[in-house]
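Understanding the architecture of this molecule
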Amino acid sequence: MILISACLLGYNCKYNGGNNFNPDLLKLLKNESFIPICPEQLGGLPTPRIACEIQNATGDDVLLGKGKIYNKNGYDLTSLFVQGAKRTLIEAKKAGVNKAILKSKSPSCGVNQIYDGSFTSKLKNGDGVTTALLKQSGIEVISAEDYIKGEKSNESN
Ligand code: SF4
């Protein structure tokens, strides 16, 4: 069972009320079992919502209580992000998830790289909070871009 960031499948759960629908990903999933989840909605954040970024830290730091997530207006929303990550893990365990394909750069779903907290589209190394928690729990997490690249290179070999 694969967990997928819901916005990649066309759910309008993105901060601005839109989505990140990826038709290539959907095509590659045609023979797979998967569940769409939006950790930020699961954590209780509204949609649309003001953009948020992890400040001076990574998702792992946030889980250790050593990092905060603020929205662009300066409100600390860390607890809702952590709640969303924990609820995502509960749902993942219930569904028997062993792999997650998540949306890159997000403070929740980002894999290996996330926005740096300056709200200027700059990136830094690190995972989002949900990605960090899933990885710590033994679930393989890959970004949608890397999954698509890998599947396409398998097809061409
Ligand atoms: Fe997409 Fe994840 Fe952001 Fe939800 S939290 S909108 S699933 S990237």
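Let us now look at the pairing of strand β1 (residues 2-5). Burial along β1 is two-sided: I2 and I4 and L3 and S5, pointing in opposite directions, are all buried. Bridge count between β1 and strand β2 (residues 34-37): four bridges; the pairing is parallel. Counted as the bridge partner of I4 is P36 from β2. Traced from β1 through helix α1 (residues 23-28) to β2, the parallel crossover comes out right-handed.

Turning our eyes to something else, we now look at the sheet that holds strand β8 (residues 140-143). Reading across from one edge, β2-β1-β5-β8 is the order of the four strands in this open sheet, with parallel pairing throughout. The open sheet has two edge strands with one neighbour each: β2 and β8. Averaged over all neighbouring strand pairs, the angle between strand axes comes to 25°, with direction disregarded. Contacts between helix α4 (residues 78-95) and the sheet are confined to β1 and β2, with β2 contributing the most and set at about 165° to the helix.

When the charged atoms of two side chains with opposite charge come close together, those side chains can pair. For the coordinates displayed, the defined rule picks out six salt bridges. The salt bridge partner of E40 is R49, with a shortest N-O separation of 3.0 Å. E40 gets classed as buried once you look at its relative accessible area, which sits at 11%. Between K149 and D146 there is a salt bridge; the shortest N-O distance is 3.6 Å. Of the two residues, K149 and D146 are both situated in helix α6 (residues 144-156); the distance of three residues between them amounts to about one turn of the helix. With relative accessibility at 36%, the residue D146 sits in the partly exposed group.

Cut-off values and rules
Residues numbered from 1 in each chain as written. Predicted model: local features only at pLDDT ≥ 70, side-chain atom pairs only at ≥ 80, totals over all residues. Heavy atoms only, no water. Buried < 20%, exposed > 50% of the residue type's maximum accessible area, 1.4 Å probe, protein only. Helix = DSSP H or I, 4+ residues; strand = E, 2+ residues; numbered from the N terminus. Pairing = 2+ DSSP bridges. Right-handed = clockwise from strand over helix to strand, strands pointing away. Axes fitted to C-alpha atoms, helices over the stretch in contact; angles between N-to-C directions. Contact = heavy atoms within 4.5 Å. Salt bridge = Lys/Arg side-chain N within 4 Å of Asp/Glu carboxyl O.

Any link to function would need more than the numbers given here.
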